[in-house]
Amino acid sequence: MRSTARQLGLAGVVLVWLGAPARNAVADGGQLKEQGQPLLAGRLLEAVQLSSRASLEEVERWAHRHGLELQNGRFVVVAEFDRSALDVKPMLMGYGAEVIKSRGQHARIAVPLDQLGRLAAEAGWVRSLREPLRPLELVTSEGVSLTNADGYHANGWTGAGIRVAVIDAGFGSLAEAIAHGELPTDVHVDDFTGTDIGGTTHGTMVAEVVHDMAPESELYLMKIGDDLDLAEAVDSCIARGVRVINHSMCWPNAGPLDGTGPICSIVDAAFAHGIVWVNAAGNHALRHYRAQFMDSDANGWHNFAEGGGIDEFNSLGVVNVGASVGVYLSWNDWWLSDQDYDLFLYYYDTGSGTWVPYDSSTTRQTGSQWPVENLSVVMDRSVEVAVRVRKTNASGSHELTLFTNYYTLEYRHQASSVLVPGDAASALTVGAVPASQWNSGPQAYYSSQGPTYDGRIKPDLMGPTSVSVYTGGGLFSGTSAAAPHVAGSAALLLSRYPGWGPVEVIARLEESVSHDFGEPGKDSVFGAGTVHNDELVPVQLLGLQAVQVGACARVHWETQSETENLGFEVYRAEDGHADRVKLTAELISGAGTTSERHTYTYDDAQVQIGRRYFYWVADVDFRGRRTMHGPVELTVSALPGGYALEQNSPNPFNPTTRITFSLPEEGHVTVKIYDVLGRSVKTLVAEHLRAGVHTVAWDGTDYLGTALPGGIYLCTMQVNSFSASRRMVLVR
């Protein structure tokens, strides 16, 4: 920050506010705030008043500079209604409004400039009107070898059969990437914005990395522009059996950074449907500020200075003409807030040596608005800019959070700089390590760090960044580049273990890291460590089954080979979708490394008759990594009250009949067939059996498999001290 600005302090600001402001938006914002309607907030409120006194051309120019969307002279907004959006379409027509996209009680609508204020004031069935939530690209291969994906490829695990979606803001130069062989010709393309698939090349670069990592996966490229598009894209992923989603984007001011909110809910829904959601952590370690509101001189403005002194300006540095500046303020009064803070952007006038107001966001929080202020403006000059925060109408002092889109803040905090939806508990959140520093660290200087605002560790993993891509003709950087390396790794794992879900995939990826540069274990800078695709197969399983043995459930499995296998754990759930519970207090010892077959059993005595159980077996290797096998299912039946040999069915029979017998306890059972002369013609059972009800079939043949003539035959059963017989009639 310039020393002259600090010396001027409040005097410089008073001088500015008493004179003519540099931009009408600041002065107008103050007036609009007092005259505002509860349903309209921020830029929409300014737009209503501006459209009443300015030409369409002037409004369009203003909207473009501030990031508002206009379509044919109509503002595009997101509305919430008190009923289904489909039910209000006829009423919206009375305001000249058109529904572009609807979802439940929400819709993206286009409203004529002169009707937006009227709609907000008159339509009692409208609950809220807001700007659409917009995602932010996270931008500031060699990753295949760095992550050992080529080791997976060599073993035939290439992502085949796995559908991976890249949900992004655009796929510019897609045709060129396909023509050059960087992407397959059979990619699926979906545009949920209603424009076209092009625009930014960001999504194309992400897709290139995913394809390099998992070359035989099936790619779905989905373009979105706002939160309704995102929800629709995820619904499409669920319907089409997508297993992995890569989202190298963040959503500023879309939640309190504790894993809640509309965007995080979309992530959680995908996870609940078996999708691994991989999200870039963000490039905001130097673009994030978090502190309690402090007004050291009682003038209503926040003091950014730490450790003494007063500085009410947080500089973003010099910004060039034509650059887009985004600043996002929130405070801890989610979700509907009546605590009012405002956000202002200034530029430094070198001629006068003062800070001059340039833009503002002054939403009036009255109890029906989110606790956020958003500034988005295209600069019309090259100057140093800074932000200020004013407490306008709030009791107490709230915790403030500031983010910028692409600019380093003078006062900043690296901790807790992961953005939505990287804060979602269901997201696999990825930070970045430069490819050139993959084996030594540290993380990329910009890589967002945890913990989340509710104290959970994020990011979860680190991926390589600054890697070569065809699109753009250079290096692809940012956590945007790191995330698709992890998404591709997830696809490789799923092609190797098709029965796995998100829990197993995330656990294996976190257990298979190559470098843990931070504190031992998972931490809020490096997560679990750098992603690594370990092609080691600890256990090759021949079979896994669960059977009832008396009043117990017996889990039985056989291995064909074991490599560095420490042992096994057994898990159980009483529903196919319930949380698994580990049954084994200690490991069942494995065979280490062997190519010989081994069999293992575990008896679960804590079962109830009539209940259905699901069992899994996890092998644990020497590094502590688990591979889950299963589930297998067993319904526990009531034990017979006594021994019994039932009459065969059907009887008479041709050519096959079934014989059922009951054992109240285990024992060695013999079931034989005799002819009318008393000669033994066939032994059907001669083995030790568990208690329960058993059935065996006889096809009317003898020991040699020769068909016997029709007639009367005797079936006998012997077990323990019990014996019984039944007459059977074979018809030829």
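Note that the structure is a prediction, hence the values are computed from the model and not measured. (Residues numbered from 1 in each chain as written. Predicted model: local features only at pLDDT ≥ 70, side-chain atom pairs only at ≥ 80, totals over all residues. Heavy atoms only, no water.)

Visitor: In this structure, what is going on with the packing of aromatic side chains? I would like to understand it.
Guide: The relation between two aromatic rings is expressed through the spacing of the ring centres and the mutual angle of the planes. By the definition in use, this model includes 25 aromatic pairs. Judged by centre distance (4.1 Å) and plane angle (15°), the rings of Y497 and W500 are stacked. Ring pairs connect the aromatic residues F313, Y346, Y348 and W355, which therefore count as one cluster. One cation-aromatic arrangement involves R290 over Y453; the distance from NZ or CZ to the ring centre is 3.7 Å. The ring of Y347 is capped by R381, whose NZ or CZ atom sits 4.7 Å from the centre of that ring. (Phe/Tyr/Trp six-rings, centres within 6.5 Å; stacked < 30°, edge-to-face > 60°. Lys NZ or Arg CZ within 6 Å of the ring centre and 35° of its normal.)

Visitor: Explain the pattern of salt bridges to me, please; I cannot follow it from the model alone.
Guide: Close approach of charged atoms allows side chains with opposite charge to pair. Inspection of the entire model under this criterion finds 34 salt bridges. Salt-bridge contacts for R580 lead to E504; the nearest nitrogen and oxygen are separated by 2.8 Å. With R580 in the loop between β26 (552–573) and β27 (581–582) and E504 in helix α14 (residues 502–511), this pair connects stretches of sequence that are 76 residues apart. For R580, a relative accessible area of 27% translates into the label partly exposed. Salt bridges sharing partners connect three or more residues here, namely K101, R108, D226, D229 and E232. (Salt bridge = Lys/Arg side-chain N within 4 Å of Asp/Glu carboxyl O. Helix = DSSP H or I, 4+ residues; strand = E, 2+ residues; numbered from the N terminus. Buried < 20%, exposed > 50% of the residue type's maximum accessible area, 1.4 Å probe, protein only.)

Visitor: Would you explain the sheet that holds strand β13 (residues 288–292) in this entry?
Guide: Strand-to-strand pairing in sheets goes through backbone hydrogen bonds, with the strands running parallel or antiparallel. Sheet architecture is open: four strands sit in the order β13-β20-β15-β18, paired in antiparallel fashion. This sheet does not close on itself; its edge strands, each paired only once, are β13 and β18 (372–378). The sheet shows a mean angle of 10° between the axes of neighbouring strands, taken without regard to direction. Pairing between strand β15 (residues 324–331) and strand β20 (residues 399–404): five bridges, direction antiparallel. Opposite S330, over in β20, you have T401 as the bridge partner. (Pairing = 2+ DSSP bridges. Axes fitted to C-alpha atoms, helices over the stretch in contact; angles between N-to-C directions.)

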